[in-house]
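# Geometric and topological summary
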2 protein chains.
Amino acid sequence: MTDRISSVETIDVRFPTSRHRDGSDAMNPFPDYSAAYVRLRATSGAEGHGLVFTVGRGTEIQVAAVRSLATMVVGQPVAELIADPGALARRLVGDSQIRWLGPEKGVVHMAAGGLVNAVWDLAARRAGKPLWKLLADLTPEQLVAQVDFRYLRDALTEAEALALLNAVEGGRAERERLLRAAGYPAYTTTPGWLGYDDEKLARLCVEAVHAGYRLIKLKVGGDLADDVRRMGIARHAVGPDVRIAVDANQIWGVPEAIRWMRELAEFDPYWIEEPTSPDDIIGHAAVRKALAPVKVATGEHVHNAVMFKQLLQADAVDVVQIDACRVAGVNENLAILLLAAKFGVPVCPHAGGVGLCELVQHLAMFDFVAVSGSTDDRAIEYVDHLHEHFADPVRVEGGRYLAPTAAGMSAEIVPAALAAYRFPDGPEWAGEPVVDLPSGSR
Amino acid sequence: MTDRISSVETIDVRFPTSRHRDGSDAMNPFPDYSAAYVRLRATSGAEGHGLVFTVGRGTEIQVAAVRSLATMVVGQPVAELIADPGALARRLVGDSQIRWLGPEKGVVHMAAGGLVNAVWDLAARRAGKPLWKLLADLTPEQLVAQVDFRYLRDALTEAEALALLNAVEGGRAERERLLRAAGYPAYTTTPGWLGYDDEKLARLCVEAVHAGYRLIKLKVGGDLADDVRRMGIARHAVGPDVRIAVDANQIWGVPEAIRWMRELAEFDPYWIEEPTSPDDIIGHAAVRKALAPVKVATGEHVHNAVMFKQLLQADAVDVVQIDACRVAGVNENLAILLLAAKFGVPVCPHAGGVGLCELVQHLAMFDFVAVSGSTDDRAIEYVDHLHEHFADPVRVEGGRYLAPTAAGMSAEIVPAALAAYRFPDGPEWAGEPVVDLPSGSR
C-alpha cells in the first residue's frame, strides 16, 4: 500500500509571555508567543511537524488558513511529497482561487510555509538527518530545482544560482566538519526588551558578554530619551568592542527613522532593524543612505522572495533577516539565501518567539555549508524563551548554536506542552479571559 | 441609551461563475466570485453593509478573519464610529498582536477593510447620502484627518495633502453637477476573458463600441499565438480609435513580460496590467521603461498605501488601479487617491467580481469631485456580472457610470441572494461538491 498523508492536525497553542513582558518592543508591548502548530501523520505512522509563529490574538485565523490548505496535503503519497517539496509549495502558493487572498503574503502564505516545513521535517526524519544536513547533501541541481524562479529571473537565473552553488561545493565537507566542531555564531536579544528596567538591562548585557556573545540587540523606538539612556547603559556595560544592534520594529516613518537614529549614533549602533514599514523598499534605501555606516537590517516581516529581491536590487539592506515561518517554507527561504549570496549580503536570521530558533538554525547552517560558505558578519538571533517545550531544543553554548544532530527540522513541541498551552481550553489559559481582548484593553 | 453595534454577521457567499468561465484569466482559469459579506447591526436597528471580495476557495479563511476583527467593533458606540472611521481603521490595522499576521496585507488587512467600509456605509446611510457625496462634503481638514500618514510622509505630508484638496475645493459644486448630469467614464472587460472563443470576443468587442465604450480590456498571457490572434481580432473589431488595454494577471516574470508585450505592440495596446508580481515595484519600473509608450497599470493586488507610494516614487506605473476591498477600506483608499494626485497619475479603479463596481464607483466619483478634480484618462472598470443581487446596483449607460443616489456605499446584497448562494449550505451549491476542491482537480 502506498504510504499517504492520513491527517493534518492544526493546534492553536499560546504561551502567556505577556505576563512578564518578555518579548516587549515598540510595536508589540504585550506579545503572547503562539503558533498554529501543524502535525502531519502518514498511514505508515510517520510524522512531520511544523508551525507558524504568531503573537497571540489572531492565531485562530492562522489555524483556519492552515486547515484550508491542508486539504491539498491529506491523501498525498509521502514518497512524492518528500521527493519534491517544491512541487507542493508551488501548488499551495499557486492555487488559483486561494492566491487571491495573498498572493504570496500574509496568513495564506505563512500557512503554506507551515505545511511545506512539516513536509521537510518528515523528509529529514525519513532520511535520518537533521534538516541542515539533508539540504547540504542535495546536489546544486537538486537545490535549484526546489526554487520557483518565475519572479526572480531579473535578479537571479537558474544558471546563476547553479554557478553559485557549484563554486562552493568543493568546500562542503570541510565546512560541515567546522560546523559540527564549533557551531554557528549567535547573537542575543535577551537583554534589550523595552519592558525591562535599567538594572535588568545592564545586568543582562554583562551576562551576555560573559556568555560569549559578540553582538547584542536592544529594542528602541518607544521614547527617545529612554533610548539614549538605555543605549548609554548598554554601551557602558558591553564595552566598545561588542556590537549593539537596535530594533525599532517598524515604529517610524522614513524621516523620523533618520532623525531618531542620528540621536543614537554616538553609541555606535551596528544595525538598525525594521526602521519603518517592512514593505518600504525605497524607504529602507533612503534610511540606509542617510545613516551609513550604520547598517540596515530587515526581514522578519518581509513577506516573500520578491520583496527580498528588491531590497537587494535597491541597495536597501546590509543584513538579510530570514524568518523560518514568514515565507512559504524551506523552498522560498532557499531562494532568499541564493539571492543574498548573489548580492553578497550576509544573512542573520530572525529568531526568538516560539520555535523560530529551532527551525531557522537549520537554514543558516545549510547556508554556511552549501550556499554562502561563510559565517563572516553572520549570526542567528537567540532568545532564551520557551525552548523547554521542544523535543529537540536548540543548544547554544559560548555564544554559538551547536549543530542539531536529531533527524528533522527540530519543530516538534512535546505533547505535554501542546496540551497545557492549547488555546483557549488548555489549563494554562484557565482564568485568563482578558488575554484575548483587543489591544488597548490591557 | 447610547446606540451601539450589537452584532456583526459575516456570511460566506459564493457565486458559481466558473461554470461559464466568466472572469477567466491567465492566473484564474476558474474563479467563483465570492465574498466574506459583512452586516453590522446597531441597537437602534441601523445597519451597515460591507464585503471582502474573494474568488472561491479560501473564503472561509477571509470569513474567519472578519469574525476575529469584528470583536473590536461589537459594542462600540455608533456615533463615535461614524464620526471617525479612521480611528477604527487604525485600531484594526494596528492591533499589536494581530498585525503580526500582516502587517497591513492579505487576509487580515482585507478583513479590516470590510469592517471599515461597513462603518462608512452605516455613516452614509445615517447621513442620507451616497458615500461619494458624504466624502465630497467633508472639508479638506476632515479628509486629511481620516488618513494615517505614518509611513507616507517621505512622499506626502499632511500639509501637502491639505494643499492638494484646498486647490480644487472651489470647483467641487460644479464638478458635482457635471457628475450628476453625465456620470463617470467606464471601460469594459466583458469582451476579453480568456475562456471566450474568437467569435464571442469579436461580437462582444463590437457590442462594447456600440454601447459607448472608448476603452476595452483583454486578458492575455495564456499563449502568445492566441494573444496575437485575439488582439488582431479585437483591434479589427473596435477600429484604431478605441483603446485596448491588456491584462496579464501576474503571469510573467520581468524579462518575459517585456518579450511577450513586444509581440503585441503592433496592435497598439493602451496599457499592460499586472505584467508581473504585484509586489515587484522595481520590476514594474523596468517593464514600464522597456515598453513605453505602452502604459503600465496595477493595483488590484497592491496590498497597501506603502506599496502604491513606492510604485509612484519609482515611476513604475502610469495608471493606479485602486480596489475597494484590497486595502483597509475607504480611509486607505483616500490615502492612495491623495498619493496619485500628488504624483499626477490617473486612477482607473479595478472592478468586476462581485460588488467591486458597486463599491469603487463611490471612490472614483469622490476623487473627481474633491481630490484630482479630473476624469481625463480615467475610467472605472465595468463587468456586467452579478449586479442583479445588489439592493442598489450600478447603473452604466452609454459607457458611463451614473452617480448613485441611494444612501450608503451600495454594498448591500439582497437577502434572497445571500440565502441562495451561501456556501456551502445555500441551495445553489447543492450537488456541487467538486467546486471546493483544490486547483488541478477540475
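Conventions adopted
- Residues numbered from 1 in each chain as written.
- Chains lettered and ligands numbered in written order.
- Predicted model: local features only at pLDDT ≥ 70, side-chain atom pairs only at ≥ 80, totals over all residues.
- Heavy atoms only, no water.
- Salt bridge = Lys/Arg side-chain N within 4 Å of Asp/Glu carboxyl O.
- Buried < 20%, exposed > 50% of the residue type's maximum accessible area, 1.4 Å probe, protein only.
- Helix = DSSP H or I, 4+ residues; strand = E, 2+ residues; numbered from the N terminus.
- UniProt positions renumbered as here; feature names shortened; annotations may be inferred.
- Pairing = 2+ DSSP bridges.
- Axes fitted to C-alpha atoms, helices over the stretch in contact; angles between N-to-C directions.
- Contact = heavy atoms within 4.5 Å.
- Buried area = accessible area lost by both parts, 1.4 Å probe.
- Polar contact = N/O pair within 3.5 Å; in protein donor to acceptor, adjacent residues only side chain to side chain.
- Nonpolar A, V, L, I, M, F, W, Y, C, P; charged D, E, K, R; others polar.
- Phe/Tyr/Trp six-rings, centres within 6.5 Å; stacked < 30°, edge-to-face > 60°.
- Lys NZ or Arg CZ within 6 Å of the ring centre and 35° of its normal.
- Domains from an automatic or database assignment.
- Least-squares fit on C-alpha atoms with pLDDT ≥ 70 in both.
- Right-handed = clockwise from strand over helix to strand, strands pointing away.

### Observations concerning the pattern of salt bridges
Side chains carrying opposite charge are able to pair once their charged atoms draw close together. Per the stated rule, a full pass over the model turns up 62 salt bridges over all chains. For B:Lys133, the salt bridge is made with B:Asp137, and the minimal N-O distance between the two is 2.9 Å. Note on B:Lys133: relative accessible area 16%, which makes it buried. Here B:Asp377 makes a salt bridge to B:Arg243, at a shortest N to O gap of 3.0 Å. With B:Asp377 in the loop between helix H15 (356-371) and strand S10 (380-382) and B:Arg243 in strand S6 (residues 243-247), the pair connects residues that are 134 residues apart, well separated along the chain. The network of salt bridges with shared partners includes A:Asp25, A:Lys217, A:Lys219, A:Asp247, A:Glu273 and A:Glu381.

### Some thoughts on the UniProt feature "domain: Mandelate racemase/muconate lactonizing enzyme C-terminal" (unreviewed entry) in chain A
Taking the numbering used here, the UniProt-annotated feature "domain: Mandelate racemase/muconate lactonizing enzyme C-terminal" (unreviewed entry) corresponds to residues 198-294 of chain A. Secondary structure across residues 198-294 of chain A comprises 52% helix and 15% strand; the distance between its end C-alpha atoms is 24 Å.

### Describing the sheet that holds strand S1 (residues 5-14) of chain B
Residue and element names in this part refer to chain B. Across the sheet, which stays open at both edges, the three strands sit in the order S1-S2-S3 with antiparallel pairing between neighbours. Looking along the sheet, the strands with just one partner apiece sit at the ends: S1 and strand S3 (47-54). Looking at each pair of strands side by side, their axes are set apart by 15 degrees on average, direction ignored. Packing against the sheet, helix H1 (residues 59-70) makes contact with S1, strand S2 (34-42) and S3, and its axis sits at approximately 175 degrees to S1.

### A look at the interface of chain B and chain A
Contacts between the two partners involve 65 residues from chain B, matched on the other side by 65 residues from chain A. Overall, the association of chain B and chain A removes approximately 5500 Å² of surface from exposure, summing both partners, and the carbon and sulfur fraction of that is 57%. Three residues, B:Gln97, B:Trp100 and B:Leu101, lead the burial of chain B against chain A; their summed loss comes to 17% of the area buried on that side. There are six salt bridges connecting chain B and chain A. A salt bridge links A:Lys309 to B:Asp280; the shortest N-O distance between them is 2.5 Å. Joining chain B to chain A, the criterion identifies 35 residue pairs in polar contact (both at pLDDT 80 or more). Elements supplying a minimum of two residues to the side of chain B that touches chain A: S3, H1, helix H4 (106-127), helix H11 (254-264), helix H12 (281-291) and helix H13 (305-313) of chain B. Per-element accounting of the side of chain B that touches chain A gives the leading share, six residues, to H1(B). Residue composition of the side of chain B that touches chain A, by class: 30 nonpolar, 22 polar and 13 charged.

### A few points about the packing of aromatic side chains
Applying the stated criterion to the full structure yields 17 aromatic pairs over all chains. Here the aromatic cluster, defined as three or more aromatic residues joined through ring pairs, consists of A:Tyr33, A:Phe53 and B:Trp100. In this arrangement the basic side chain of B:Lys200 is found over the ring face of B:Tyr196, its NZ or CZ atom lying 3.9 Å from the centre.

### Notes on the domain arrangement of chain A
Residue and element names in this part refer to chain A. As far as domains go, chain A holds domain 1 (5-129) and domain 2 (166-417). Contacts between the two partners involve 40 residues from domain 1, matched on the other side by 41 residues from domain 2. Buried surface at the junction of domain 1 and domain 2, both sides included, amounts to about 3100 Å², of which 65% is carbon and sulfur. Together, Phe 15, Leu 51 and Asn 117 form the three largest contributors to the area buried by domain 1 at its contact with domain 2, with a combined 18%.

### Re the relation of the copies chain B and chain A
For the match of chain B to chain A, the screw axis carries a shift of 0.0 Å, the RMSD comes to 0.0 Å, and the turn is 180 degrees. Here the transformation between the copies is reduced to the relation of a two-fold axis. Of every C-alpha in chain B, the one belonging to B:Gly106 sits nearest the axis of rotation, 2.5 Å from it.

### A look at the pairing of strand S5 (residues 215-219) of chain A
Consecutive side chains along a regular strand alternate between the two faces of the sheet. Residues and elements named next belong to chain A. Summarising burial for S5: five of the five residues are buried, a large majority. Residues Leu 215, Lys 217 and Lys 219 point to one face of S5 and Ile 216 and Leu 218 to the other, with burial holding for every one of them. Note: strand S4 (residues 184-192) against S5, two bridges, orientation parallel. By the bridge assignment for S5, Gly 192 is matched with Leu 218. In this fold, S4 hands off to helix H9 (residues 198-210), which returns the chain to S5; that crossover is right-handed. Relative to strand S6 (residues 243-247), S5 runs parallel, the two being bridged by five bridges. Within S6, the residue paired with Ile 216 across the bridge is Ile 244. With respect to chirality, the unit in which S5 leads through helix H10 (residues 224-238) into the neighbouring parallel S6 is right-handed.

### Notes on the sheet that holds strand S3 (residues 47-54) of chain A
Residues and elements named next belong to chain A. Pairing is antiparallel in the open sheet, where three strands are placed in the order S1-S2-S3. The open sheet has two free edges, formed respectively by strand S1 (5-14) and S3, since each of these has just one partner strand. Across the sheet, the mean angle from the axis of one strand to that of its neighbour is 15 degrees, orientation sign disregarded. For strand S2 (residues 34-42) and S3, the ladder comprises eight bridges, and the chain directions are antiparallel. Residue Ala 35 lies in a different strand from S3, and its bridge partner there is Phe 53.

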